[in-house]
Each structure stands twice: as C-alpha cells, then as structure tokens.
Amino acid sequence: MFYLVVNAKLTGLDRSNSCNFRVEQNRLASPRFKPSPGTYTSPQSIRIVSDAEGAQIHYTTDGSVPTSLSPTFKEPFQLPEQAGTIFRAIAIKPEIADSEVVEAIYSYSLIKTGQVISYAANDDGDLQKGSPRNYSGPTAPAAFPADHITNEQTMGIIWKSCTQGFSGATCSNVISGNQFTFAASVNECNSLNSANSGEGFAGIKTWRLPSMTELLSTNDASKTSFTFSATTEFPVTLNFAYWSSTPYPFNTTFAWYLDYSNGNSYATLKTNTNYHARCAASSKWREGFYFTVNSDGTVADRKTGLLWQRCSVGQNNDSSCSGSASTRTWTQALSECALLNVAGKKWRLPNRNELASLYDFSFSAAPFIDRTSFPNVGVGSLEYHWTSTTDAINTTRAWYVNFTSTLNNIFDSSLKTTGYFVRCVADI
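Rules behind the numbers
- Residues numbered from 1 in each chain as written.
- Predicted model: local features only at pLDDT ≥ 70, side-chain atom pairs only at ≥ 80, totals over all residues.
- Heavy atoms only, no water.
- Pairing = 2+ DSSP bridges.
- Helix = DSSP H or I, 4+ residues; strand = E, 2+ residues; numbered from the N terminus.
- Axes fitted to C-alpha atoms, helices over the stretch in contact; angles between N-to-C directions.
- Buried < 20%, exposed > 50% of the residue type's maximum accessible area, 1.4 Å probe, protein only.
- Arc of directions from axis to C-beta.
- Contact = heavy atoms within 4.5 Å.
- pLDDT = per-residue confidence, 0-100.
- Phe/Tyr/Trp six-rings, centres within 6.5 Å; stacked < 30°, edge-to-face > 60°.
- Lys NZ or Arg CZ within 6 Å of the ring centre and 35° of its normal.
- Polar contact = N/O pair within 3.5 Å; in protein donor to acceptor, adjacent residues only side chain to side chain.
- 1 Å grid on protein atoms, 1.4 Å probe; cavity = no way out; pocket = protein on both sides within 12 Å on 5 of 7 lines; lining within 4 Å.
- Points joined across faces, edges and corners; volume = space filled by probe spheres on them.
- Core = buried A, V, L, I, M, F, W, Y, C linked by side-chain atoms within 4.5 Å.
- Salt bridge = Lys/Arg side-chain N within 4 Å of Asp/Glu carboxyl O.

Visitor: Looking at this structure, how should I read the sheet that holds strand β12 (residues 149-152)?
Guide: Strand pairs in the sheet, formed through backbone hydrogen bonds, run parallel or antiparallel to each other. With respect to topology, 3 strands assemble into an open sheet ordered β11-β12-β13, the strand pairing being antiparallel. On the outer flanks of this sheet lie β11 (135-139) and β13 (157-160), each paired with one strand and no other. Taken over all neighbouring pairs, the strand axes of this sheet differ in orientation by 20° on average, direction set aside. Sheet analysis places β11 next to β12, joined by 3 bridges and oriented antiparallel. From the neighbouring strand, Tyr 135 faces β12, where its bridge partner is Glu 152.

Here is the structure:
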C-alpha cells in the first residue's frame, strides 16, 4: 500500500526528541490518524487519536490550518465517503503548547474492470489494476423477511437485489411491469422508502436511483455478452439498459443509462419506456474531483490514488499543455505509456474504469473533463482517448472514453488500429 501523506507535520518543528505526549518546550505530541493514511480497497472508519490525557483534537477538512475554534473530533469519518479529503488536525490542552498540525489524505481504489485475459503486454488483463468486487446477498432482515438486499462491500453500496418489478430471494416473483421511463424509475425507487407502512423496504428509508458511477461499477469487461458482474447476488438482471440518476446537463430531456447487452453507456430521451431500474440505498459513492496539480507535469487524484499525465501524448509538458495531441493506435498507446519517463513513475495506459473516472458529468458543453487540471483538451467530435481494456465481445476492438463529443456516450469501443489520443496513468 502506498501512503500519500503519513501524518506530515506542517510547522517544520523538530519532533525527534519527543517523549510520550510531550516534546521539548512542553509541546503536546501531534495526534495520529487510524488507520494510517493511504489508498484502501475496502470501507474504513477513520479516527484521530491523541496519547495526551485530556487533550482535545480539532480538525479541518478544507485544507485550512485547525485552531481551537475548529470542530472537535467526536465521530469517525467513513471511507469511501471521505476519499480525497485533506484532513488536518491539532491536539490542544490547557497550559501546554499546542501540538504540531498533522495532515492525512485517504484514497479509495477504483473497482477492477473484470478483464482477466491479456491481449497485449501492459494491457488491462495483464495488469488487472483496481479493487476486486465484493458482493454478498441476497439477504433479508429478520424483521422484513420478504425484502432482499445485496451489499457491495468494496464501494460500500447497498442495492435492492431484484430489478424493479420482481421480488423474492430469487427474484422470481413478478409483481409489476419492469420497463420504465426515467421519471417512473425515479418514482419506483423513491416508493421503496414508504414500504412496510413507512418503515422502508428492508427497514431502510434512503432508497434512490443509483448514480452513473455506481451503475458502471456493476459492468464486467470480461464478458462477451450480458456484461453484468454478479448474476448470483442479483438473481434477475435483464440483458438491456438500466437508468441512472446522474443528470445530463448537455440536454436536460436526456438521462444516462448503462446497457448490459454490450457494456455501452449512453444518454437517451427520458421518455423512452423500455428501460429498467435497480435501486440503491447507501450513501452515494463520492462524486466530484479532488485533484492536485503538480509542477512536474502530473495531476494527483487524491480520491482514487492515481497519478495522471497532465498533457496528452504529443502535447508539450508545460502549464498550458501547449501544442497538439497526437493520435496512436491501441498497440502504440500501450507502448507509449509503458515507456513514458515522467516523475520517476511506472506508467501505463489506463483501464476503462480508471479513464472514465475523469469524466465530468456536470458540464453542459465539451470537453467533459476538469479544464484547469487538464488544459487544452480539444472539442472535436472524434477526440477520443484509448483505454487498455479490450472489448471482449470483439477482441479486434478496445474501449475508449469520449471527453469531447456531443454523441451522448461516455465510452464505446473501436478497432484497435484506429488512431485515438492517449493520456497515461500511474499509481501515486
């Protein structure tokens, strides 16, 4: 495990002569973060502790320096909800000098794409980067034996086991139709909160339509048909498109969906009537971006623990990424990233989940990527970026992510001999 920041002191004071909870000049020892800061592949409960009896710990989460007026630490923070946050903490006790300020950042590894076959050196199947999926279910609470849920324990998502329209431990009970408009899908999930005379489905009252990020986590790039990742834990999943709650600002009459028949993700009219819905109830996977732009031509993603090449291949490695990006075939892109020599890191072509994590769903116009962190991204209709993930349905093709088109898709696949753009990634 690589630790991004391990209780880094900010004051520059020497702690080498510390003893118990005091150091020279009667100063409190700095508080400690548990577990240690770093990148994790399972949910964590983050605590801040002090060895000094009677000391209070104050903290900030916005990058500012904590003082006695900052919030007092009382309840643990949770991963993945706090992935990317810059925590700073200080220990304070009357008549003793305040401790040095310490900083901690926790990242949360993205889910693996599922691809296990390698089609070329350094591709997705070769490296298999990311966290394994970890589903359990269907299970039902004792108080609500008819209400079955499935837990995804890597991302910490609670799912309703059955597609809307079905129920039971094997989702074999047909209770209604299973094709909906976008609005009807939202209503289907919201209605679960009033089930069981207002106690909520499975005793939970936070049901909602999942975000696109959550929905994409169920997509399995290893499959040649029906690309859903967990058919045992979700007994009835239909081999077609499922709605997402993520807005589509480019055209508000559209909404995002994921199509399990081929693994594609697109946006379509909200009034389409033949799409499906599966509901989620946990806190949303943390959306938004937590980038740090470095002076060496890289961008650190504090949320995922990934380090990105700031400029696309072919551009100048300067603050504005001047010049024009160059296209490469898929094989050339794999080689280009493997040979990249920047910041002393081992680089690779990102897999589909890694590159899609840069897609910014909030923009109403291209390019759909943070334009401050990644400047000079074009707006042409065919400026796609390669991933290292092969299209298992047709292995002469590989997946690309579309940051610049208005063709309503996040990613799709294309022939590996096509020339697309390249942005490399490494582990921080």
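Visitor: Which parts of the structure should I look at to understand the pairing of strand β24 (residues 409-415)?
Guide: Sheet faces and side chains relate simply in a regular strand, where the side chains alternate between the two faces. With 6 of 7 residues buried, β24 lies mostly within the body of the structure. Of the strand pairs in this sheet, strand β18 (residues 265-269) and β24 are connected by 2 bridges, and their pairing is antiparallel. Opposite Tyr 266, over in β24, you have Asn 409 as the bridge partner. The pairing of strand β23 (residues 397-402) with β24 spans 5 bridges and is classified as antiparallel. Bridged to Trp 399 within β24 is Ser 413.

Visitor: Would you take a moment to explain helix α2 (residues 182-191) for this structure?
Guide: Think of an α-helix as 3.6 residues a turn; residues three or four steps apart then line up on the same face. Those residues of α2 not exposed but buried are Phe 182, Ser 185 and Cys 189. Taken around the axis of α2, the buried residues stretch over an arc of 60°, which confines them to a single face. Of the surrounding secondary structure, the elements contacted by the buried residues of α2 are β16 (241-247) and β17 (254-259).

Visitor: Where do I start with the confidence of the model for the protein chain in this structure?
Guide: Parts of the prediction with low pLDDT should not have their coordinates interpreted in detail. Here the protein chain averages 91 in pLDDT, and 93% of its residues register 70 or above. The low-confidence segment residues 1-24 (pLDDT under 50) makes 56 contacts with residues lying over four places distant or belonging to another chain.

Visitor: Explain the packing of aromatic side chains here, please?
Guide: We describe a pair of aromatic rings using the distance from one ring centre to the other and the angle between the two ring planes. A full pass over the atoms with the stated rule returns 32 aromatic pairs. A ring pair is formed by Phe 77 and Phe 87, whose centres lie 4.8 Å apart and whose planes are at 45°; its orientation type is tilted. One end of the pair, Phe 77, is in strand β8 (residues 77-79); the other, Phe 87, is in strand β9 (residues 86-92), and 10 residues separate them in sequence. Comparing Phe 77 with Phe 87, the two get one shared label, buried. Plain terms: the ring middles of Tyr 135 and Phe 234 are 5.5 Å apart, the flat faces sit at 85° to each other, and that makes the pair edge-to-face. One end of the pair, Tyr 135, is in strand β11; the other, Phe 234, is in the loop between α4 (212-216) and β16, and 99 residues separate them in sequence. Within the aromatic cluster, the residues linked to one another by ring pairs are Tyr 248, Phe 250, Phe 254, Trp 256, Tyr 359, Phe 361, Phe 368 and Phe 403. When the ring centre of Phe 363 is taken as origin, the NZ or CZ atom of Arg 371, which lies over that ring, is 3.8 Å away. One cation-aromatic arrangement involves Lys 416 over Trp 330; the distance from NZ or CZ to the ring centre is 4.0 Å.

Visitor: Got a minute to help me understand the sheet that holds β16 in this structure?
Guide: On the basis of which strands lie adjacent, the open sheet formed by 6 strands has the order β16-β17-β18-β24-β23-β22 and antiparallel pairing. At either end of the open sheet lies a strand with only one pairing partner, and these are β16 and β22 (384-390). Pairs of neighbouring strands in the sheet enclose a mean axial angle of 40°, with direction left out of account. Lying on the sheet, helix α5 (residues 330-338) is in contact with β22 and β23; it crosses β22 at an angle near 90°.

Visitor: So what exactly am I meant to see when it comes to the pairing of strand β7 (residues 56-60) here?
Guide: Along β7, 4 of the 5 residues are buried, which leaves the element largely enclosed by surrounding structure. Sheet topology note: the β7/β9 ladder contains 5 bridges and is antiparallel. Bridging across to β9, His 58 finds its partner in Ile 90.

Visitor: Is there a simple way to think about the side chain of His 58 in this case?
Guide: Structurally, His 58 is set in strand β7. With a relative accessible area of 4%, His 58 lands in the buried category. Side chain to side chain, His 58 and Gln 56 meet in a polar contact 3.4 Å long. Look past the residues within four positions of His 58 in its chain and what remains in contact with it is Pro 66, Thr 67, Ser 68, Ser 70, Pro 71, Thr 72, Arg 88, Ala 89, Ile 90 and Ile 92.

Visitor: Could you clarify how one ought to interpret empty space enclosed by the protein in this entry?
Guide: Here the idea is plain: a probe the size of a water molecule rolls over the atoms and shows the empty space left. Taken as a whole and assessed by the stated rule, the structure comprises 4 cavities of 30 Å³ or more. Taken as a whole, the largest cavity spans an internal volume of roughly 40 Å³. Lining the largest cavity are Asp 220, Ala 221, Lys 223, Thr 227, Asn 262, Arg 352, Thr 390, Asp 391, Ala 392, Ile 393 and Trp 399.

Visitor: Sorry if this is basic, but what is going on with the nonpolar core here?
Guide: Most often, soluble globular proteins keep nonpolar side chains buried together rather than apart. Core analysis: the largest hydrophobic core is formed by 40 residues, its most contacted members being Trp 256, Trp 308, Leu 358, Tyr 359 and Phe 374. Looking at this core, the elements with two or more residues in it are β13, α4, β17, β21 (306-309), α6 (352-356), β23 and β24. For Leu 358, the contacting residues outside a window of four places in its chain are Phe 289, Phe 291, Trp 308, Phe 368, Ile 369, Phe 374, Phe 403 and Arg 423. Residues Ala 333, Leu 349, Tyr 420 and Ala 426 belong to the second largest nonpolar core, which totals 19 residues.

Visitor: Explain the pattern of salt bridges here, please?
Guide: When charged atoms on two side chains of opposite charge get close, those side chains can pair. Counted according to the given criterion, the structure contains 7 salt bridges. Between Lys 129 and Asp 427 there is a salt bridge, with its nearest N and O atoms 2.9 Å apart. Of the two residues, Lys 129 sits in the loop between α1 (124-127) and β11 while Asp 427 sits in strand β25 (residues 425-427), which places them 298 residues apart along the sequence. You can call Lys 129 partly exposed: its relative accessible area is 27%. In this structure, the salt-bridge partner of Arg 348 is Asp 427, at a minimum N-O distance of 3.2 Å.

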